[in-house]
Amino acid sequence: MKAPIAVYGSVWPDELLAALETRFACHVMARMTPAETAAFFETAAAQVRGVLTTGTVGIDAALAARFPLLEIVSVHGVGLDAVDIQALHARGIVVTNTPDVLTEDVADLAVALLLAAARRLPQLDRYVRAGHWAAKRPLLPARSLRGKVAGIYGYGRIGQAVATRLRAFGMAIRYFQRSAGPEPALRTASLQALAAESDYLLVCTPGGAATRHAVDAAVLDALGPDGSLVNIARGSVVDQAALVDALAAGRLGAAALDVFEDEPNLPPALAALDNVVLTPHVGSFTHEARQAMRALAIDNLLAHFGGRPALTPVLP
Ligand code: NAP
């Protein structure tokens, strides 16, 4: 008998869902009407043994409780802040995510954002399109990278991949995280100390309670008017109101952001600023990374229901 699974999120193409149907009895939540969802929870949910979800949609304890036979939650993505790991592990449920396969592409975006902020690419694009070049309007010079300090907050897989790239630009690397990490000599004593030493502060930690608003007004002030913030991690890590204040007042030079506190909503005051570069949470949104993420998320389910250990379990 095919194991019943509930599929959440909208990252699953039709042909993949069709292939998934050959292995599992799939309940595709995004395709259900409200009435069908209600009927599903009345009856079929009690038999569901697996959940396939995304890092953004996640699964909380209340939802998981509606699946009494749940054995595995396979998450498409590496960020687990929307997944109640503790509640799932307390029930003995296996949780998996998709690390590594997205690392390089997310690091590429972090560097693209840093370059866009440093070289003021969006401003230059607007300048040319508006005809300011031909009109000989004054233009602000950009900032070079060579000899500058990149401070990486969270020196894990993505943080280290970012460092590899930035070293090629002649930048010095410093980092802060709780553990010593792979290059303890480069670790600063605190996030604020990191910001004070850095020209560019790159946020590469997980989201969640432990990092919520860690980048606050004091950290932004330590980064200073010549400093730039790059966030490819989670919007929750940065106090967005404090960021808008600092940028508007010129206490912070620039920000390049892929993630926001209330996605997809942005405060108008942030979108109105000239010294920001904004992308819509697309760190892993390449053909290659997304294909690899989908494959790994499904392979984790196949391994589990095939009686083998999951490939990339999240440890308690
Ligand atoms: P990772 O390998 O687990 O690295 C995370 C690093 O952050 C670790 O070195 C960890 O070191 C540090 N860290 C964790 N909690 C911390 C805390 N409370 N204070 C300071 N440092 C802390 O994860 P990754 O694969 O690099 O991914 C990092 C994050 O990027 C993900 O969690 C996700 O939210 C985000 N992400 C975003 C996108 C996007 O589309 N924009 C795509 C993928 C991932 P310690 O444990 O020693 O502190």
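Described below are features of the structure shown in this document. The shown structure was predicted, so the numbers you read here are calculated from the model rather than taken from an experiment.

Thresholds applied
- Residues numbered from 1 in each chain as written.
- Predicted model: local features only at pLDDT ≥ 70, side-chain atom pairs only at ≥ 80, totals over all residues.
- Heavy atoms only, no water.
- Pairing = 2+ DSSP bridges.
- Helix = DSSP H or I, 4+ residues; strand = E, 2+ residues; numbered from the N terminus.
- Axes fitted to C-alpha atoms, helices over the stretch in contact; angles between N-to-C directions.
- Contact = heavy atoms within 4.5 Å.
- Parallel < 35°, antiparallel > 145°, perpendicular 65-115°, else oblique.
- Left-handed = near helix turned anticlockwise from the far one by under 90°.
- Nonpolar A, V, L, I, M, F, W, Y, C, P; charged D, E, K, R; others polar.

**Regarding the sheet that holds strand S10 (residues 254–257)**
Working step 1: One open sheet accounts for six strands, arranged S7-S6-S8-S9-S10-S11; its pairing is parallel. One side of each edge strand has no neighbouring strand; the edge strands of this open sheet are strand S7 (172–176) and strand S11 (276–278). Looking at each pair of strands side by side, their axes are set apart by 15° on average, direction ignored.
Working step 2: Relative to strand S9 (residues 228–231), strand S8 (residues 200–203) runs parallel, the two being bridged by four bridges. Within the sheet, the bridge partner assigned to Val 203 lies in S9 and is Asn 231.
Working step 3: On the sheet, helix H10 (residues 240–249) packs against S9, S10 and S11 and is oriented at approximately 140° with respect to S10.

**Overview of the packing of helix H5 (residues 103–118) against helix H7 (residues 157–167)**
The description of two helices packed together rests on the angle between their axes and the distance between the axes.
Working step 1: For the pair H5 and H7, interaxial distance at closest approach is 8 Å and the crossing angle is 55°. As the angle between them shows, H5 and H7 are arranged oblique. In the packing of H5 onto H7, the handedness of the crossing is right-handed. Between H5, through Thr 103, Glu 104, Val 106, Ala 107, Asp 108, Ala 110, Val 111 and Leu 114, and H7, the contact on the second element is made entirely by Arg 157, Ile 158, Ala 161, Val 162, Arg 165 and Leu 166.
Working step 2: Its residues assigned to classes, the contact of H5 with H7 comprises nine nonpolar, one polar and four charged.

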